Amino acid sequence: MTRVLVTNDDGIEAPGLHSLARAAAAKGLEVTIAAPERQSSGASASIIAGEEEGRIAMESRTIEGLEDLRAYAVRGGPGLIALIAAHGAFGDPFDLVLSGVNHGANVGRAILHSGTVGAALTGGLNGAWGLAVSLDVGMRPEAFEWDAASAVAVETLPFLMSLERGSVVNLNVPNAREHRGVREAPLAPFGIVQTTLSERGEKYIRLAVEDLPNVPEPGTDAALLAEGYVTLTGIEPVSHRPLGYPA
């Protein structure tokens, strides 16, 4: 049976996490949930942890409606969770890391900062298939179609697992019960939101998130998602660029 780690960066109580775990278990996958004990958005693939005497703190949790699944709240981000999972923290290493369903889209090159994507990349780096799943809820959603996003995610798994182990895919789903189809798409130069400095004091600063003023480049993940398509983008855990440095 395929062993699956379900994690996220929105925390152990997030409804998107529960929806994804439920959908994966319904497909007959062997699911273990391990997620941050608190919100960890923007953590990228960080492996910083809350430690007690040099030990990473975590505890078992029971999630309503998912009582049959093992679940753990970890004092660390999703990248750390995927890393310790690869080293046997929750039993045998996992075949697949499912990360999400994230509250908000992860598109464009700004996915570098995403904890949702960071977990999938860390899983891929350690030999698992990785799938990051995000729901494009926008800034003021009236409803959250978590189960629709989870359904698309599990439908994507046969394709993902037909690729070589270590492959990682970033999946973004419109916040709707139906979509216009699934399209493979390159990353936009930017995402669909930007982080700005909203307040600065003598001993602190405050960040805010706002919509970008520009229209996404046609054919990119940001543009196609805005048009109602599910976007599918293959991403590399680690790559290098030849520099041509003189010998």
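Everything below is about the structure shown above.
Residues numbered from 1 in each chain as written. Predicted model: local features only at pLDDT ≥ 70, side-chain atom pairs only at ≥ 80, totals over all residues. Heavy atoms only, no water.

**Some thoughts on the overall build of the chain**
And step 1. Scanning the chain from N- to C-terminus turns up five helices and 13 strands.
And step 2. By residue count, 47% of the 247 residues in the chain fall in the buried class.
And step 3. In the chain, 77% of the contacts between residues at least 6 apart in sequence involve partners at least 24 apart.
And step 4. Carbon and sulfur atoms form 51% of the exposed surface of the chain, whose accessible area is close to 13,100 Å². (Helix = DSSP H or I, 4+ residues; strand = E, 2+ residues; numbered from the N terminus. Buried < 20%, exposed > 50% of the residue type's maximum accessible area, 1.4 Å probe, protein only. Contact = heavy atoms within 4.5 Å. Areas by Shrake-Rupley, 256 points an atom, 1.4 Å probe, with all protein chains shown as cover.)

**Regarding the pattern of salt bridges**
And step 1. Here the structure, examined in full by the defined rule, presents eight salt bridges.
And step 2. For Arg75, the salt bridge identified is with Glu37, shortest N-O distance 3.2 Å. In this pair, Arg75 sits in the loop between strand E6 (70-74) and helix H2 (78-86) while Glu37 sits in the loop between strand E2 (30-36) and strand E3 (51-52), placing the two residues 38 residues apart along the sequence.
And step 3. Relative accessible area serves as the criterion here: at 32%, Arg75 is assigned to the partly exposed category. (Salt bridge = Lys/Arg side-chain N within 4 Å of Asp/Glu carboxyl O.)

**Some details on helix H4 (residues 146-160)**
And step 1. The terminal C-alpha atoms of H4 lie 20 Å apart, and with 15 residues this matches the ideal 21 Å at 1.5 Å per residue to within 8%.
And step 2. When we look at burial in H4, the residues that qualify are Trp146, Ala148, Ala149, Ser150, Val152, Ala153, Val154, Thr156, Leu157 and Leu160.
And step 3. In the core, the buried residues of H4 are packed alongside helix H1 (15-26), strand E7 (96-103), strand E8 (129-136), strand E9 (168-174) and strand E13 (230-235). (Expected span 1.5 Å × (residues − 1).)

**Concerning the layout of surface pockets**
And step 1. The space that makes up the second largest pocket amounts to roughly 370 Å³.
And step 2. In terms of lining, the second largest pocket is formed by 19 residues, of which the most central are Leu112, Leu121, Glu236, Pro237 and Val238.
And step 3. If one sorts the elements of the lining of the second largest pocket by residue count, helix H3 (residues 115-125) sits on top with four residues.
And step 4. Each residue belonging to the lining of the second largest pocket can be placed in one class, and the counts come to 11 nonpolar, six polar and two charged. (1 Å grid on protein atoms, 1.4 Å probe; cavity = no way out; pocket = protein on both sides within 12 Å on 5 of 7 lines; lining within 4 Å. Points joined across faces, edges and corners; volume = space filled by probe spheres on them. Nonpolar A, V, L, I, M, F, W, Y, C, P; charged D, E, K, R; others polar.)

**Re the pairing of strand E1 (residues 3-7)**
And step 1. A large share of E1 lies buried, amounting to five of its five residues.
And step 2. Neither face of E1 is open: one carries Arg3, Leu5 and Thr7, the other Val4 and Val6, and all of them are buried.
And step 3. Relative to E2, E1 runs parallel, the two sharing four bridges. Residue pairing across strands places Val6 opposite Ile33, the latter belonging to E2.
And step 4. In this view, the connection linking E1 to its parallel neighbour E2 by way of H1 has right-handed handedness. (Pairing = 2+ DSSP bridges. Right-handed = clockwise from strand over helix to strand, strands pointing away.)

**Quick look at the nonpolar core**
Across soluble globular proteins, you tend to see nonpolar side chains buried next to one another.
And step 1. Ranked by internal contacts, the top residues of the largest apolar core, which has 38 residues, are Val6, Val31, Ile33, Leu98, Leu131, Leu157 and Leu171.
And step 2. The greatest single-element share of this core, amounting to seven residues, is contributed by H4.
And step 3. Residue contacts for Val31: discarding those within four places in its chain leaves Val4, Val6, Ala21, Ala24, Ala25, Leu69 and Arg70.
And step 4. One finds Ala34, Leu80, Ala85 and Ala128 within the second-largest nonpolar core, a separate group that totals 12 residues. (Core = buried A, V, L, I, M, F, W, Y, C linked by side-chain atoms within 4.5 Å.)

**Some thoughts on the packing of H2 against H3**
Packed helices, taken two at a time, are described by their axes: the angle between them and the distance between them.
And step 1. Relative to each other, H2 and H3 sit at 20 degrees, their axes nearing to 7 Å. In terms of orientation, H2 and H3 fall into the roughly parallel class. Every pair of crossing elements has a handedness; the one defined by H2 and H3 is right-handed. Across from Pro78, Gly79, Ala82 and Leu83 in H2, the residues of H3 making contact are Gly115, Gly118, Ala119, Thr122 and Gly123. (Axes fitted to C-alpha atoms, helices over the stretch in contact; angles between N-to-C directions. Parallel < 35°, antiparallel > 145°, perpendicular 65-115°, else oblique. Left-handed = near helix turned anticlockwise from the far one by under 90°.)

**Things to note about the pairing of E8**
And step 1. Most of E8 is tucked away, with seven of its eight residues classed as buried.
And step 2. For E7 and E8, the ladder comprises six bridges, and the chain directions are parallel. Directly across from Asn102, in E8, lies its bridge partner Ser134.
And step 3. Note on the crossover from E7 through H3 to E8: the handedness is right-handed.
And step 4. With seven bridges joining them, E8 and E9 adopt parallel strand pairing. Opposite Gly130, over in E9, you have Val168 as the bridge partner.

**Quick look at the packing of aromatic side chains**
And step 1. Taken as a whole and judged by the stated rule, the model has two aromatic pairs.
And step 2. With a centroid separation of 5.1 Å and 35 degrees between ring planes, the pair formed by Tyr72 and Phe90 is classed as tilted. A residue pair is termed long-range when its members are at least 10 positions apart, and Tyr72 in strand E6 and Phe90 in the loop between H2 and E7 qualify at 18 residues. Side by side, Tyr72 and Phe90 carry an identical accessibility label, which is buried. (Phe/Tyr/Trp six-rings, centres within 6.5 Å; stacked < 30°, edge-to-face > 60°.)

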